[in-house]
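Fold and contact review
The lines below spell out each chain.
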Amino acid sequence: MNDQPEAGLPGPESGAGPDAGALETALAQKSALLHEIDHRVKNNLQLIASLILLQSRRTADPAARAALKTVLERVAAVATVHRRLFQNDPLSFDVADFIRDLTGDLAASAGRDDLEIALDLDHIAIPAASAAAFALVVNELLGNAVKHAFPPGRRGRVSVRLSNGDGLCRLTIADDGVGLGGQPPGFGLTIVKLLGQQLHADVQVEDAQPGVRATVIVPMTAVPKPDRASP
Ligand SMILES: Nc1ncnc2c1ncn2[C@@H]1O[C@H](COP(=O)(O)OP(=O)(O)OP(=O)(O)O)[C@@H](O)[C@H]1O
Ligand SMILES: [Mg+2]
């Protein structure tokens, strides 16, 4: 091992000399910059959401309004990912915490207190670069269960399991609702397929009699090791 300090960096004996001061200033500038980027991204996402909302309020056609509402939900999912990353470790993303956030929001916004959403989640950190894709997949699959599985008046249960083993992150979202009923994939399931490819994931959405079971298996090869991911 080379014990010599690297060129330009203060050695252990230098204490709080001028170099240490310069380092502290540089660090403060970097964190101010990070803070500023966080604010700008948040504001821009908020601006996009407001534009979509305003457009939907001026849209008379119910189908177009519904489409704009789902776009708004997708943007909200990306905004949640951003908020979580910047509140915590900006390099890794805790999927379990995100799912907990999302299910709370979904149940509330759907106004369905007759639906039970059961969570069984291991804490799994994925790299920040995969976070938005993974979050959008979860958003579509959970959204489908809440929107399509239970017609008004039908009570039901959606169970969400997240586990980690053999280098794979496994997500299962299962409902006991009406099932796919032979319906072809729409835009939502097409997004799930495309994002699944981006994540190198194996994605299955199938009838489970009763209901629908969606399984997403993502290889964890690029996930930071626990000693790096945890503080
Ligand atoms: N969990 C589910 N239970 C019952 N039917 C489902 C479920 N998930 C999907 N479906 C059926 O599959 C169809 C296609 O789903 P998909 O998510 O691709 O489109 P969508 O939800 O109709 O529209 P979008 O997601 O673009 O807003 C749905 O319209 C619905 O009929
Ligand atoms: Mg959908």
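Right above here is the structure, for reference.
Residues numbered from 1 in each chain as written. Chains lettered and ligands numbered in written order. Predicted model: local features only at pLDDT ≥ 70, side-chain atom pairs only at ≥ 80, totals over all residues. Heavy atoms only, no water.

**Focus: helix H5 (residues 187-198)**
Put simply, the test is: Each helix corresponds to a stretch of at least 4 residues labelled H or I by DSSP, and each strand to a stretch of at least 2 residues labelled E; elements are numbered beginning at the N terminus. To estimate how far a helix should reach, multiply one less than its number of residues by 1.5 Å. Here a residue-residue contact requires only that any non-hydrogen atoms of the pair lie within 4.5 Å.
In this model, H5 (twelve residues) spans 17 Å end to end at C-alpha, consistent with the 16 Å of a helix rising 1.5 Å per residue. Where H5 is buried, its residues meet helix H2 (62-87), helix H4 (128-148) and strand E6 (202-207). Where H5 ends, the next residue or the one after it, His200, has phi of about 55°, a positive value.

**Quick look at the packing of H2 against H4**
Basically, it comes down to this: Between N-to-C directions, angles cover 0 to 180 degrees, with each direction set by a line fitted to C-alpha atoms, over the stretch in contact for helices. An angle below 35 degrees is read as roughly parallel, one above 145 as roughly antiparallel, one from 65 to 115 as roughly perpendicular, and any other as oblique. Each helix crossing is assigned a hand: it is left-handed if the near helix lies turned anticlockwise from the far helix by less than a right angle, otherwise right-handed if that turn is clockwise. Think of it as three bins: nonpolar holds Ala, Val, Leu, Ile, Met, Phe, Trp, Tyr, Cys and Pro, charged holds Asp, Glu, Lys and Arg, and polar takes everything else, Gly as well.
Running from amino to carboxyl end, H2 crosses H4 at an angle of 135°, the nearest separation of the two axes being 9 Å. Between H2 and H4, the crossing angle belongs to the class labelled oblique. When you trace H2 past H4, the crossing you get is right-handed. Every residue of H4 that contacts H2 at Thr70, Glu73, Arg74, Ala77, Val78, Val81 and Leu85 is listed here: Ala128, Ala131, Ala132, Ala135, Leu136, Asn139, Glu140 and Lys147. Split into classes, the residues belonging to the contact of H2 with H4 amount to nine nonpolar, two polar and four charged.

**Description of the sheet that holds strand E4 (residues 156-165)**
What counts, and what does not: Being paired, for any two strands, means DSSP has found at least two bridges between them.
Spatial strand order, E2-E4-E5-E7-E6: five strands in an open sheet with mixed pairing. Edge positions in the open sheet fall to strand E2 (115-121) and E6, since each of these has one partner strand only. For this sheet the average axis-to-axis angle between neighbouring strands, irrespective of direction, equals 10°. Pairing geometry for strand E5 (residues 168-175) and strand E7 (residues 212-219), over seven bridges, is antiparallel. Across the sheet, residue Ile173 finds its bridge partner in E7, namely Ala214. Against the sheet, H4 engages E2, E4, E5, E6 and E7, with an angle of about 15° to E5.

**So, a nonpolar patch on the surface**
So the rule is basically this: Only residues whose relative accessible area exceeds 30% and that form no salt bridge are eligible for patches; like-charged ones are grouped when within 9 Å, while nonpolar side chains (Val, Leu, Ile, Met, Phe, Trp, Tyr) are grouped when within 5 Å. Exposure was quantified through the Shrake-Rupley algorithm and a 1.4 Å probe, taking into account, for residues, occlusion by the shown protein chains and nothing else. Any carboxyl oxygen of Asp or Glu within 4 Å of a side-chain nitrogen of Lys or Arg constitutes a salt bridge here.
Taken together, the side chains of Leu33, Ile37 and Val41 make up a nonpolar region of the molecular surface, amounting to roughly 230 Å² of accessible area. Within the secondary structure, Val41 sits in helix H1 (residues 18-57).

**A look at the packing of H4 against H5**
Close contact between H4 and H5 brings their axes to 9 Å; oriented N to C, the two are set at 150°. Put simply, H4 runs roughly antiparallel to H5. Every pair of crossing elements has a handedness; the one defined by H4 and H5 is left-handed. Here Ala133, Leu136, Val137, Glu140, Leu141 and Asn144 of H4 come into contact with H5, specifically with Gly188, Leu189, Ile191, Val192, Leu195, Gly196 and Gln198.

**Digging into the pattern of salt bridges**
By the definition in use, this model includes 13 salt bridges. Through salt bridges with shared partners, a single ionic network connects Arg83, Arg84, Asp97, Arg100 and Asp101.

**Side note on the packing of aromatic side chains**
Under the convention used in this document: Any two of the Phe, Tyr and Trp rings considered here, Trp counted by its six-membered ring, make a pair once their centres fall within 6.5 Å; the pair's planes then place it as stacked at under 30 degrees, edge-to-face at over 60, or tilted in between.
According to the stated counting rule, one finds one aromatic pair in the structure shown. Look at Phe93 and Phe98: their rings are 5.6 Å apart centre to centre, the planes differ by 50°, and that puts the pair in the tilted class.

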